[in-house]
Amino acid sequence: MTAPNRAQHPVPDAPSAPGTAVRAALGVGLAVSAYGISFGALAVAAGLDIWQTCVLSLLMFSGGSQFALIGVLATGGAAAGPAAIASATLLGIRNGLYSMRMSPIIGGPWWRRLLAGHWTIDESTAVGTAQPTLRAQRVGFWVTGAVIYVGWNLTTLLGAVLGDLVGDVRMYGLDAAAAAAFLGLLWPRLTSRQPVAVAVAAAVVAAVLVPWLQPGLPVLAAAAVAIVVGITNALGRRAI
Amino acid sequence: MTVWHIILIASIAVLALKLIGYAVPPSVLERPTPARVANLLTVALLAALTATQTLERSGDIVLDARVPAIVLAAVLFALRVPFILVVIAAAACAAFVRVLGWMP
């Protein structure tokens, strides 16, 4: 949580810092954009049409929430709508935290923060807050956001068109690709004992409840693990 | 509720959460519990989705070709192989296991 402090006390502007920020933004942006293809293909496999898939990437623009929505719809169909909406929304809460972290860095008029809000995701926040100067932080955020917004939407369309052509999902192992995609979003967050314990417990709770609850609800029930552990700070580091 | 309703409601909710962060004072971040709960919520939901996507079929738990695929994916992520390559490898693994008829 050092980002807001950095924003208020940036080190004197080093001339090379914005250039470094642009390179970081392009590297991260292009790598992340590539997996829009898997989202597009999996969304169509989950029963969405190409338009619906593209609207999700244009409007929701948050990988975790988008994968969650189509994941629940894939197993429960439109009847699982409330659970799908709840899963996507709960996964979107972290973006609100990122917004709070980026708010003092972005500054400026309301319309600039409105656009910044739409582009506030894991990657733009990570690249932005990692830069040493205020100017480089802004450059890093905006370039990463722009590259991923354009790239993610183009690759989503490409993936949706390809997925539409592919047809049978299981024959090509696309159902396993969906599971691997969630694991890939989870992996970088398993940085200490507490998140690992929460991940294992949540996976077990969800799997055990599958035969007993409507599709989508086991995932929501597993969220309770995070709330209990988060409030009690079990297995966590002491607050400094 | 049609699929379009679901898409629009969820998209507006996710977008609203992003915008709310720019409207509240940053001091909320200084309290550790809300930040910790939000981070762990992400972990729990992604882990639960990984489990259900690997094991669920028509409202039941089944062990099929997705299981070896997710084990392969975990190994590749641990080796820091890029996301898109791991996803492709997992799909190929499941397809291969099915073609050979080892698992459904």
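A. Fine view of the overall build of chain B. A tally of helices and strands in chain B yields four helices and two strands. When the helices and strands of chain B are read in sequence order from the N terminus, they spell out α-α-β-β-α-α. When the backbone C-alpha atoms are referred to their principal axes, chain B occupies close to 60 × 40 × 25 Å. Here chain B holds 104 residues, and the buried ones make up 39% of them. In chain B, of all internal contacts separated by at least 6 residues, the share reaching a separation of at least 24 is 40%.

B. Region of interest: the domain arrangement of chain A. Residue and element names in this part refer to chain A. Assigned domains of chain A: these are domain 1 (3–7 + 17–189) and domain 2 (190–240). When each unit is reduced to the centre of its C-alpha atoms, the spacing between domain 1 and domain 2 is 23 Å. Contacts between the two partners involve 12 residues from domain 1 and, on the opposite side, 11 residues from domain 2. Sorting elements by how many residues they give to the side of domain 1 that touches domain 2 places helix 6 (residues 81–106) first, with five residues. In terms of residue class, the side of domain 1 that touches domain 2 is made up of eight nonpolar, three polar and one charged.

C. Up close: the interface of chain B and chain A. Across the boundary between the two partners, chain B contributes 67 residues, which contact 86 residues of chain A. Elements represented by at least two residues in the side of chain B that touches chain A include exactly helix 1 (3–23), helix 2 (32–55), strand 2 (60–61), helix 3 (66–78) and helix 4 (83–99) of chain B. For the side of chain B that touches chain A, the leading source of residues is helix 2 of chain B, giving 23 residues. Tallied by class, the residues present in the side of chain B that touches chain A amount to 51 nonpolar, 11 polar and five charged.

D. Fine view of the domain arrangement of chain B. Segmenting chain B into domains produces domain 1 (1–59) and domain 2 (63–104). Taking the mean C-alpha position of each, domain 1 of chain B and domain 2 of chain B sit 27 Å from one another.

E. Seen up close, helix 8 (residues 122–129) of chain A. Across the eight residues that make up helix 8 of chain A, a large majority, seven, are buried. Every buried residue belonging to helix 8 of chain A is among Asp122(A), Glu123(A), Ser124(A), Thr125(A), Val127(A), Gly128(A) and Thr129(A), and all of these are buried.

F. Broad picture of the nonpolar core. Among the nonpolar cores identified, the biggest contains 112 residues, and Ala180(A), Ala202(A), Ala44(B), Leu45(B) and Ala90(B) are the most heavily contacted of them. With 14 residues, the single largest contributor to this core is helix 6 of chain A. Those residues in contact with Ala90(B), other than ones at most four positions away along the chain, are Gly173(A), Ala176(A), Ala177(A), Ala180(A), Ala69(B), Ile70(B), Leu72(B) and Ala73(B).

G. Fine view of unusual backbone geometry. You will see that Leu235(A), though not glycine, has its phi angle at about 65°, which is positive. One can find Leu235(A) in the segment after helix 12 (217–232). Leu235(A) gets classed as partly exposed once you count the C-beta atoms within 10 Å, which come to 13. The backbone of Arg80(B) shows a phi angle near 65°, a positive value even though the residue is not glycine. On the secondary structure map, Arg80(B) appears in the loop between helix 3 and helix 4.

H. Seen up close, the confidence of the model for chain B. Residues and elements named next belong to chain B. Averaged over chain B, the pLDDT score is 90; the fraction of residues at 70 or greater is 95%. For chain B, per-element mean pLDDT is lowest for strand 1 (residues 56–57), which scores 88, and highest for helix 3, which scores 97. The complex model carries a pTM of 0.81, and its ipTM stands at 0.89.

I. Spotlight on the confidence of the model for chain A. All names here are of chain A. This prediction gives chain A a mean pLDDT of 87; 91% of its residues lie at or above 70. Highest mean pLDDT in chain A belongs to helix 4 (residues 50–60) (97); lowest belongs to helix 1 (residues 3–8) (40). Across residues 1–12, where pLDDT falls below 50, the model places 15 contacts with residues more than four positions away in sequence or in other chains.

J. Expanded view of the environment of Ala68(A). Within the element layout of this structure, Ala68(A) appears in helix 5 (residues 63–76). A C-alpha to C-alpha distance of 27 Å links Ala68(A) and Thr232(A), two positions 164 residues apart in sequence. What Ala68(A) contacts, discounting residues up to four positions off in sequence, is Ser87(A), Ala88(A), Leu91(A), Leu45(B) and Leu49(B).

Cut-offs used in this document
Sequence order as written defines the numbering, with residues in each chain counted from 1. Written order determines the labels here, with chains lettered from A and ligands numbered from 1. For this predicted model, a pLDDT threshold of at least 70 governs which residues receive local features, and a threshold of 80 or more governs which side-chain atom pairs are given and counted, while totals over whole chains, interfaces and linings are taken from all residues. A run of H or I in DSSP becomes a helix once it reaches four residues, and a run of E becomes a strand once it reaches two; helices and strands are each numbered from the N terminus. Between the buried cut of 20 or more and the exposed cut of 12 or fewer other C-beta atoms within 10 Å of a residue's own C-beta lies the partly exposed class, and all C-beta atoms are placed from the backbone. It is the C-beta atoms, placed from the backbone, that decide contacts: two residues are in contact if theirs lie within 7 Å. Here the limits of each domain have been adopted from an automatic or database domain assignment. The residue classification treats Ala, Val, Leu, Ile, Met, Phe, Trp, Tyr, Cys and Pro as nonpolar and Asp, Glu, Lys and Arg as charged. All others, Gly included, are polar. The term nonpolar core refers to a group of buried residues, namely Ala, Val, Leu, Ile, Met, Phe, Trp, Tyr and Cys, whose C-beta atoms join them within 7 Å. For every residue, the predictor assigns a confidence score, pLDDT, that lies between 0 and 100.

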